[in-house]
2 protein chains.
Amino acid sequence: MKKKKAIVLLSGGLDSATCLYYALRRGYDVACLAFDYGQRHRREIEASRRLARINGLDIATVKISFPWNRSSLVSGGPAVADSSARRRRNLALPATYVPGRNTVFISHALSYAETVGAGAIFIGANAVDFSGYPDCRPAYYRAWNSLLSALGTKIKIKTPLLSMKKSAIIKLGARLGAPYGLTWSCYRGGDEPCGKCDSCAIRAKGFAQAGATDPLLVGKNAKR
Amino acid sequence: MKKKKAIVLLSGGLDSATCLYYALRRGYDVACLAFDYGQRHRREIEASRRLARINGLDIATVKISFPWNRSSLVSGGPAVADSSARRRRNLALPATYVPGRNTVFISHALSYAETVGAGAIFIGANAVDFSGYPDCRPAYYRAWNSLLSALGTKIKIKTPLLSMKKSAIIKLGARLGAPYGLTWSCYRGGDEPCGKCDSCAIRAKGFAQAGATDPLLVGKNAKR
């Protein structure tokens, strides 16, 4: 039987890596899609390429420009705030929010899926331990699936991690053999995770609650 | 009173030019958005820049890459078929269809609109005299507006030309003063409209039915 095709949005972070291994375990013939939008954390892109390569998968890296963008995720934007600073200032939307980002990502995935005949688009979005982005909510993905129907395609967006806690995602990834040591979550662009941004904070909490050690930090601690 | 802001998707064709003049007449403070996706008809991009410039409007040109794309609208793809050849072969979707194109365009417009605080995105989509693209249908735009609601934005997609015949669009544009001599519709990349592709055929029929002369062809005929 011919395998079902799927596109996996692969940012190189912990969630998208788990999502990739989930799709592979479900038997999909996967092609990966990564984005280069000038993000500070360019190690993300390297991480996603490595994850594709070790699985022998195609990966398309699409360069995206948002000429109007001032988000702190993008080189040239304001500095990334510490997670604690953001809570102190009680910001509704983090400065790392890139307007329309997931919508732009999914629209490209749609183009890719339609072209290669994939019936599913996997995205590791998560509505529980997330940074407060409006494009990580269940209603948003339901609306996307309605839009895909309106287009007359049979493509569905799959969000297997949407209602999972970060610790549950990490346990799932561990069962599936996702190599978290090859992933990258930190919003800052350093050689090592900063340990202080939103993304590092959420990741650390997840590993702690899962009772697991983040393999990405093992080398870091060993060096100290 | 402060003017309402809008983004106008400006391809440089006849419909988007009419849509621009419609939005301006409705009193919007307009910023234009054009796309460079490697299209053969790069005169489109020049046309949209000129239309923005003569109105003193900002225009962002976003470079988009579809590494998986084989459409004949893109340099390197198969040649553009004549309108008559396509009818002969009874193709359901024209080879000029770029999968997900309008979805990618609108998602960028969303990002732009959210960033500059625009409440409307105008797109000159047309479901009557169109080339058979699935992303020119009313249900598709309704689905987009549901998606924008799900995102929690107040941004609305406006499609004033959606159910108008091409001849009615041309009459509207004439009333609004849209300079059709500065627009470009031909799918092929020549110095002059080929007169044979889908887009030229639809344009010619529209002008004929409107009882008007296409100013773009006046110079061409004069040269003969």
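1. Regarding the interface of chain A and chain B
Interfaces are often described in size by the accessible area the parts lose on coming together.
Next up, step 1: Taken together, the contact between chain A and chain B spans 31 residues of the former and 31 residues of the latter.
Next up, step 2: Counting residues per element, the side of chain A that touches chain B draws most heavily on helix 4 (residues 101–116) of chain A, which supplies 10 residues.

2. Considerations on the packing of helix 5 (residues 138–150) of chain A against helix 5 (residues 138–150) of chain B
Next up, step 1: Two elements in contact, helix 5 of chain A and helix 5 of chain B, have axes separated by 9 Å at closest approach and are oriented at 175°. Viewed along their axes, helix 5 of chain A and helix 5 of chain B adopt a mutual orientation that is roughly antiparallel. Taking contact as the criterion, the partners of A:Ala139, A:Tyr140, A:Ala143, A:Trp144, A:Ser146, A:Leu147 and A:Ala150 in helix 5 of chain A are, on helix 5 of chain B, B:Ala139, B:Tyr140, B:Ala143, B:Trp144, B:Ser146, B:Leu147 and B:Ala150.
Next up, step 2: Partitioned by chemical class, the residues of the contact of helix 5 of chain A with helix 5 of chain B number 12 nonpolar, 2 polar and no charged.

3. Quick word on the pairing of strand 3 (residues 59–63) of chain A
All names here are of chain A.
Next up, step 1: In strand 3, alternate side chains face the same way, and those of Ala60 and Val62 are buried while those of Ile59, Thr61 and Lys63 on the opposite face are not.
Next up, step 2: Sheet topology places strand 2 (residues 29–36) next to strand 3; 5 bridges connect them, and they run parallel. Among the inter-strand pairings, Phe35 is bridged to a residue of strand 3, identified as Val62.

4. Here's the deal with the relation of the copies chain A and chain B
Next up, step 1: Expressed as a screw operation, the relation of chain A to chain B combines 0.0 Å of axial shift with a rotation of 180°, fitting to an RMSD of 0.0 Å. Accordingly, the operation relating the two chain copies is best matched by a two-fold axis.
Next up, step 2: In this assembly, 100% of the residues forming the interface of chain A have copies in chain B that are likewise at the interface, indicating an isologous arrangement.

5. Focus: the packing of helix 4 of chain A against helix 4 (residues 101–116) of chain B
When two helices pack together, their arrangement is given by the angle between the helix axes and by the axis-to-axis distance.
Next up, step 1: Contact pair helix 4 of chain A / helix 4 of chain B: the axes reach a minimum separation of 8 Å and the direction vectors enclose 175°. Between helix 4 of chain A and helix 4 of chain B, the interaxial angle falls into the category roughly antiparallel. For the pair helix 4 of chain A and helix 4 of chain B, the contacting residues are A:Thr103, A:Val104, A:Ser107, A:His108, A:Leu110 and A:Ser111 in the first and B:Thr103, B:Val104, B:Ser107, B:His108, B:Leu110 and B:Ser111 in the second.

6. Observations concerning helix 6 (residues 166–176) of chain A
Residue and element names in this part refer to chain A.
Next up, step 1: Residues of helix 6 that are buried: Lys166, Ile169, Ile170 and Gly173. Buried residues of helix 6 fall within an arc of 100° about the axis and therefore sit on the same side.
Next up, step 2: Structurally, helix 6 contributes buried residues whose contacts are with helix 1 (14–25) and helix 7 (198–210).
Next up, step 3: One or two positions beyond helix 6, positive phi appears at Gly177, with a value near 80°.

Rules used in this analysis
Residues numbered from 1 in each chain as written. Chains lettered and ligands numbered in written order. Predicted model: local features only at pLDDT ≥ 70, side-chain atom pairs only at ≥ 80, totals over all residues. Contact = placed C-beta atoms within 7 Å. Helix = DSSP H or I, 4+ residues; strand = E, 2+ residues; numbered from the N terminus. Axes fitted to C-alpha atoms, helices over the stretch in contact; angles between N-to-C directions. Parallel < 35°, antiparallel > 145°, perpendicular 65-115°, else oblique. Nonpolar A, V, L, I, M, F, W, Y, C, P; charged D, E, K, R; others polar. Buried ≥ 20, exposed ≤ 12 C-beta atoms within 10 Å, placed from the backbone. Pairing = 2+ DSSP bridges. Least-squares fit on C-alpha atoms with pLDDT ≥ 70 in both. Arc of directions from axis to C-beta.

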